[in-house]
Structures are given as C-alpha cells and as structure tokens.
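# Structural overview for review
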Amino acid sequence: SKDELGSLAQSINELIDSVASKEIIQNGVMNLSSTLIEQSSIQGFGSRVLKKLLEITNSNMGVFYILNEMISKFEPSFSIGANEALLKTFNFENPEGEFGNVLSSKSIYYLKNIPEETVFRYQTTAGDIVPKEIITIPILVENNIIAIISLINIHNFSKESYIILQQSWLNINA
C-alpha cells in the first residue's frame, strides 16, 4: 500500500542521514586528532587547534585564551574573526559568564539562544551580527585548566559539530 511504501521510504532516508552524520563525525574527529599530534608551544597549539576547530564546526569566530598565572587571569592569545578591541581578560578567581561555567564544571559549556540585546557582536562588511551560540572548551593539564577556547557562531552549531567536540575533548586534553 501507499502508506507502507511511504514509511519504508522514510526509514531508508533516515538511515542514509544517520550514516552520513556518522561519517561527518568520524571525519571531524580524525581531522582534529591529526592536528593535535603536532608538538609545539601552547601558543602554537592554540593557533593550530583554533583554526581547525573553526573549520570543522563552521564557527564564525574563535578565541584562544591562556591562563596567566602571575595575575590569575585568562588572556586572549590568538583569535580569528574577533574584534580584538572588545577582547578582554577573564579573572581566574571570580570568572564571569561562560568562563565561570567552564571553570566550575571543567567541561565543555554550550550557550544557546543568545538574546538579540547581547553585547556580543560579530563584525561583517555589512554591519554587526549577533551570534546565536557559543561553545566554550577548557584545556586541562593534570586536571587544571590552563587555556580556554571559545567558538562563536552566528547560526546554530550542527549536532555533528557538538558531537565532534565532545568526542575530541579527551584527545585535546591528553
């Protein structure tokens, strides 16, 4: 009957989408893992990983922050797409916003549904655009956060992007 054929066609389409999604995730994890293998300074690591993460997640902007233990603040070390005049340091002792969430949980923080009135702006040649989502990723060494990556998107991140980040997070911190 028509209903059975329609149901079968829908099931086949869902299976194809699922296989394609798994392939996207596997390729993203492998791509990021190969970037992590290269040894370098924390600044070189930050630059390389941030570039790769922006590519894999289709982020519009990203910032790599490094903890300056002398002043107990995270300082922006490398950014792509960010207005550097708006980048500020974040206090390690009393962190605000998504940094506070990352430092207290020591895990990835996913901020969704950012209101239009936010101070966050992504500058384009056509004017400023408000980001829709931010994913903040801690970099840990011996269970201490030494750096933080912030990825900003003017659209929603794909579910595959978030899964790639979750699956790669352990490798990033190895």
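Presented here is a report on the structure given in the accompanying data block. (Residues numbered from 1 in each chain as written. Predicted model: local features only at pLDDT ≥ 70, side-chain atom pairs only at ≥ 80, totals over all residues. Heavy atoms only, no water.)

### Considering the overall build of the protein chain
Formally: Only runs of H or I of at least four residues qualify as helices and only runs of E of at least two qualify as strands under DSSP, and these elements are numbered from the N terminus. In this scheme, a residue with accessible area under 20% of its type's maximum is buried, one over 50% is exposed, and one in between is partly exposed, where area comes from a 1.4 Å probe on protein chains only. For the accessible areas, the method is Shrake-Rupley and the probe is 1.4 Å, while residue cover comes only from the protein chains on display.
Helix and strand counts for the protein chain stand at 4 helices and 8 strands. N-terminal to C-terminal, the α/β element order of the protein chain is α-α-β-β-β-α-β-β-β-β-β-α. Counting the 174 residues in the protein chain, one finds 40% classified as buried. Surface exposure of the protein chain reaches about 10,300 Å², of which carbon and sulfur atoms provide 52%.

### Observations concerning the nonpolar core
Convention followed: Throughout this description, the term nonpolar core refers to a set of buried Ala, Val, Leu, Ile, Met, Phe, Trp, Tyr and Cys residues connected via side-chain atoms within 4.5 Å. Two residues form a contact once any of their heavy atoms are found within 4.5 Å.
In terms of nonpolar packing, the biggest core is built from 36 residues, with Phe 64, Phe 74, Ile 135, Ile 137, Ile 148, Ile 149 and Leu 151 touching the most fellow members. Looking at this core, the elements that each hand over two or more residues are α2 (42-57), β1 (61-68), α3 (97-105), β7 (133-141), β8 (144-153) and α4 (159-172). Beyond its immediate sequence surroundings of up to four residues, Leu 151 is in contact with Leu 50, Leu 53, Leu 54, Thr 57, Ser 59, Met 61, Glu 133, Ile 134, Ile 135, Ile 137, Phe 157 and Leu 165.

### Concerning α4
The condition is simple: A helix is expected to reach a length of 1.5 Å times the quantity of its residues less one. For a residue, the bend is simply the angle between two axes, fitted respectively to the seven-residue segment ending there and the seven-residue segment starting there.
When the terminal C-alpha atoms of α4 are compared, their 19 Å separation across 14 residues agrees well with the 20 Å that a helix rising 1.5 Å per residue should span. Helix geometry: α4 is bent most strongly at Gln 166, by close to 25 degrees. Within the span of α4, buried status applies to Glu 160, Ser 161, Tyr 162, Ile 164, Leu 165, Ser 168, Trp 169 and Ile 172.

### Examining the pairing of β7
Here is the rule: The pairing criterion is simple: DSSP has to find at least two bridges between the two strands.
Here β7 lies mainly inside the structure; 8 of its 9 residues are buried. The pairing of strand β4 (residues 109-111) with β7 spans 3 bridges and is classified as antiparallel. Note on β7: the bridge partner recorded for Tyr 109 is Thr 136. With 9 bridges joining them, β7 and β8 adopt antiparallel strand pairing. Counted as the bridge partner of Leu 140 is Ile 145 from β8. Between β7 and β8, which pair antiparallel in sequence order, lie 2 residues; one of them, Glu 142, sits at a positive phi of approximately 50 degrees.

### Considerations on the sheet that holds strand β3 (residues 90-91)
Our working definition: Only the stretch in contact is used when a helix axis is fitted, and all axes are lines through C-alpha atoms; the angle between N-to-C directions ranges over 0 to 180 degrees.
Reading across the sheet, the 6 strands line up as β3-β2-β1-β8-β7-β4 and stay open at both edges, with antiparallel pairing between neighbours. The two strands at the open ends of the sheet, each matched to only one other strand, are β3 and β4. Where β1 and strand β2 (residues 73-80) come together, 7 bridges link them in antiparallel fashion. Its bridge partner being in β2, Tyr 65 is matched across the sheet by Pro 76. Where α3 meets the sheet, its contacts fall on β1, β2, β3, β4, β7 and β8, and the angle it forms with β8 comes to roughly 135 degrees.

### Some words on the pairing of β2
The two faces of the sheet receive side chains in turn, since in a regular strand these alternate between them. Connecting β1 to the next strand, β2, in antiparallel fashion are 4 residues, including Ser 72 with a positive phi near 55 degrees. Note that β2 and β3 share 2 bridges and pair antiparallel. Pairing of Phe 74 across the sheet is with Phe 90, part of β3.

### Regarding the packing of α2 against α4
Rules: An angle below 35 degrees is treated as roughly parallel, one above 145 as roughly antiparallel, one from 65 to 115 as roughly perpendicular, and anything else as oblique. In this scheme, a crossing is called left-handed if the near helix is turned counterclockwise away from the far one by less than a right angle; it is called right-handed if the turn is clockwise.
Running from amino to carboxyl end, α2 crosses α4 at an angle of 155 degrees, the nearest separation of the two axes being 10 Å. Here α2 is positioned roughly antiparallel relative to α4, judged by the angle of their axes. As for how α2 packs across α4, the hand of that crossing is right-handed. Contacts between α2 and α4 involve Phe 45, Leu 53, Ile 56 and Thr 57 from the first element and Ser 161, Ile 164, Leu 165 and Ile 172 from the second.

### Here's the deal with α3
Along α3, the positions that sit buried rather than exposed are Glu 98, Phe 99, Gly 100, Val 102 and Leu 103. Check the buried side of α3 and you find it contacts β1, β2, β3, β4, β7 and β8. With its phi angle positive at about 55 degrees, Lys 106 sits one or two positions after the end of α3.

Taken by themselves, the reported measurements are silent on function.
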